[in-house]
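Descriptive structure summary
This is what each chain is made of:
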Amino acid sequence: MLQNIRDKSHGIVVKIIVGFIVVTFALFGVDALVTGFNSSDTVAEVNGTEITRTDLLQAAETQRRQLISMMGNQINPALLEDNLLQRRALDDLIQRAVLLNNAEEMNLGVSDAQVDQYLLQAGEFQTNGQFDQNKYVGFVRSLGYTPLSFKERVKKDILLQQVRSAVAASEFVVPYQVDMIDMLQNQTRTFDYVEFDLSAETEKMDVTDTEIETYFSAHPDEFKQEEQVSLNYVLIKSADLRDKVDVTDVELRAAYDVEVSLERSEERQVSHILLELGESRSEEEANELIKEIQQKLDSGVSFASLAESYSDDLGSKASGGDLGYIEKGIMGDDFDRSVFDMPLGEVQPVKTEFGLHLVQVNDIVEADVASFDDLRGQLEEDIIARKIETALLGEHENISDLAYASDRLEPLSKEYGVEILTSDLFGRDGGVDQLTSNPLVIAAAYSPQVLEDGQNSNLIELNDNEVVVVRVKEHNPESLKSLEDAREQVASVLIQQKAVNSLQEKADTALANLDDQDLNSVTGAARGESAVSELAFTLPHPESEPVTAIKSLSNGNLVVLRLTAVESKASDDASEQTELYERYLNQTNSTLSAQAQQSLLSNSAEIER
């Protein structure tokens, strides 16, 4: 069908239809865009409290950072998929709004001092155990917050923690519960057992050709050859476009100027006094306060002591407002424009997004700048790398057109001077190499376009520097294996079945004649002592006579057990264990109570998504 469409897509009638479609989209598409831009930014509403798309995107980004921080390179990329993150973030935001509404109804509140203390102690904002202003500012900006809006977010977090703490504080544990946990945890068991080894039993088994043929005839569907394909493909890398780019002296000079501007050509040791602006202080009030501070400076009061008294900067006020040596780009454009034009020793007011600053320049350090000739080689490599990456992007449309216009890969191979490569056979679960294990390649290989219609795939972007177009070279549909192809697999199944059955018979016989067995005896085994002792702890307490059973280990071995005694006793170090168990029970009860409260509030709330 696709081939028919392809063959007929050049006629005059088709062109008229396409022209009509283009005009239709031109007339009605604009209206759709305008309507989309004017649509509400609210993604959910909880008891009248709106949750905006900005809130959602910020929450999703925070989740992304937390996952990467916790799991590093071991993280499953699927967990970072935008739709999944946003669904989880929206659920969290709704639950958060429910709890915040409840906190407001209870008239709970948080002071600015509590927020400041929390930020000073937060590990993610510290360097060598000290609050790091640059790290704090970078984190806030990366999440799309301003300093004031981030503080407001933290204030709400602390407010929610008050609610959780109140629930946790209402829980209590009675001594009887602690004693029960203590007795169970320190319980010991005395038992006898005999273990039967599956791997040893398997080595004793053999099968005949007749058994193999009989089983294969009765179960042919168990022995299938999975569907497989192998691919021909053209892999185009940005490096393949090296001959298509060049670098001029003008570009090198411009790159050098940028590089020099980014180098630490100058550092300044700066102190400041920050006056935050907001509901609690207007800009006019801040300016009056600046005048007051300047008067005290003129009268001989030190800048450091005034910073300790007046500054709202948590990270520097304790050290007299000292920001250390800074370079351009650290504190923002407004700060840089003023500070890096100030003479040494000058004190001036500066307004930034953080508030109103009174800044003093204490020292200026000039740094050596590399020459153009020293950097020329590296600059040329950097420009070429950027250009070929951009060039590959620019070639996407041409690659896609060549892939679509032909039923072969040769035009692409010739155009870009690359070979047509061939993959090994692989199934729908993918292969073992980088190409055939790529989910996008697997999906394309088994798509109707490629697999059924025999066309080239669309362009597949493997990464920023590599794209590939594939087509099926060989397709082997799922099929039943022949007896000869399946013989080893059938033999393995039969041997395993025989070994399991034989082992079960031996275990049953041993259970019926335990007194005649060479039993291993274990006295007073504790929890977790061994895999076999863990099985003993799954048996009920013996009453008038021992409890017997056959249990299996994770490796398939069978264990015949005879539990003869269970002893419960308190721990030797009662005080330490009592504290541990009490804390465990408190945490468990608090978690359950918090979940119950959350469910009750959510079920009572009016939630619109």
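Below: a short report on this structure. (Residues numbered from 1 in each chain as written. Predicted model: local features only at pLDDT ≥ 70, side-chain atom pairs only at ≥ 80, totals over all residues. Heavy atoms only, no water.)

On to the sheet that holds strand β10 (residues 347-352). The strand order across the open sheet formed by four strands is β9-β8-β11-β10, and the pairing between neighbours is antiparallel. The strands lining the two open edges of the sheet, one partner per strand, are β9 (322-326) and β10. For this sheet, the mean inter-axis angle between neighbouring strands, taken without regard to orientation, is 35°. In terms of strand pairing, strand β8 (residues 266-275) meets β9 through four bridges, oriented antiparallel. What sits directly across from valine 270, in β9, is glycine 324. Lying over the sheet, helix α12 (residues 283-298) contacts β8, β10 and β11 (355-366), oriented at roughly 45° with respect to β11. Strand contacts of helix α13 (residues 303-310): β8, β10 and β11, with the helix running at about 45° to β8, the strand carrying the most contacts. (Pairing = 2+ DSSP bridges. Helix = DSSP H or I, 4+ residues; strand = E, 2+ residues; numbered from the N terminus. Axes fitted to C-alpha atoms, helices over the stretch in contact; angles between N-to-C directions. Contact = heavy atoms within 4.5 Å.)

Take the side chain of arginine 281 next. On the secondary structure map, arginine 281 appears in the loop between β8 and α12. Classification of arginine 281 as buried rests on a relative accessible area of 18%. Within the structure, the side chain of arginine 281 is placed 2.7 Å from the side chain of aspartate 312, a separation counted as a polar contact. Beyond its immediate chain neighbours, meaning those up to four positions away, arginine 281 contacts Leu275, Glu276, Ala286, Leu289 and Asp312. (Buried < 20%, exposed > 50% of the residue type's maximum accessible area, 1.4 Å probe, protein only. Polar contact = N/O pair within 3.5 Å; in protein donor to acceptor, adjacent residues only side chain to side chain.)

By the definition in use, this model includes eight aromatic pairs. Seen in terms of ring centroids, phenylalanine 125 and tyrosine 136 are 5.1 Å apart; in terms of plane orientation they differ by 80°. Their pairing is edge-to-face. Here phenylalanine 125 is found in the loop between α5 (112-121) and β3 (126-127), whereas its partner tyrosine 136 is found in helix α6 (residues 133-142), with 11 residues between them in sequence. Overall, the relative accessible area of 8% leaves tyrosine 136 in the buried class. When the centroid spacing of 5.6 Å and the interplanar angle of 50° are considered together, the rings of phenylalanine 131 and tyrosine 136 count as tilted. (Phe/Tyr/Trp six-rings, centres within 6.5 Å; stacked < 30°, edge-to-face > 60°.)

Throughout the structure, instances matching the rule amount to 23 salt bridges. With a shortest N-O distance of 3.6 Å, aspartate 157 and arginine 153 are connected by a salt bridge. Placement of both aspartate 157 and arginine 153 in helix α7 (residues 147-169) is noted, with a separation of four residues, approximately one turn of the helix. Between arginine 583 and glutamate 579 there is a salt bridge, with its nearest N and O atoms 3.6 Å apart. Highlighted residues: arginine 583 and glutamate 579, both in helix α21 (residues 574-604), separated by four residues, approximately one helical turn. The exposure class of arginine 583 is partly exposed, given its relative accessible area of 41%. Residue class for glutamate 579 comes out partly exposed when judged on its relative accessible area of 49%. (Salt bridge = Lys/Arg side-chain N within 4 Å of Asp/Glu carboxyl O.)

A few words on helix α10 (residues 209-218). Listed in full, the buried residues belonging to α10 are Ile212, Tyr215 and Phe216. All buried residues of α10 lie within an arc of 100° about the axis, which places them on one face of the element. Away from the buried face of α10 by more than 90 degrees, exposed residues Thr210, Thr214, Ser217 and Ala218 are located. Lining the buried residues of α10 we find α19 (483-512). (Arc of directions from axis to C-beta.)

All right, on to the environment of serine 282 then. Of note, serine 282 is situated in the loop between β8 and α12. Residue serine 282 is classed as partly exposed on the basis of its relative accessible area, which comes to 33%. Spatially, the C-alpha atoms of serine 282 and glycine 355 are 10.0 Å apart, while their sequence positions differ by 73 residues.

Looking now at unusual backbone geometry. Non-glycine residue asparagine 47 carries a positive phi angle of around 50°. With a phi angle near 60°, asparagine 107 is a residue other than glycine that sits in the positive phi range. Among the structural elements, asparagine 107 can be located in the loop between α4 (82-105) and α5. Take asparagine 107: its relative accessible area is 69%, and that puts it in the exposed class.

Read across the sheet, three strands follow the order β2-β1-β19 without closing on themselves; strand pairing throughout is antiparallel. A strand with exactly one partner marks an edge of an open sheet, and here the two such strands are β2 (49-52) and β19 (607-608). Pairing of strand β1 (residues 42-46) with β2 involves four bridges; the strand directions are antiparallel. Looking at β2, one finds that glutamate 45 is bridged to glutamate 50. Together, β1, β2 and β19 form the strand contacts of α4, whose direction differs from that of β1 by roughly 35°.

Read these as layout, nothing more, since geometry by itself doesn't imply function.
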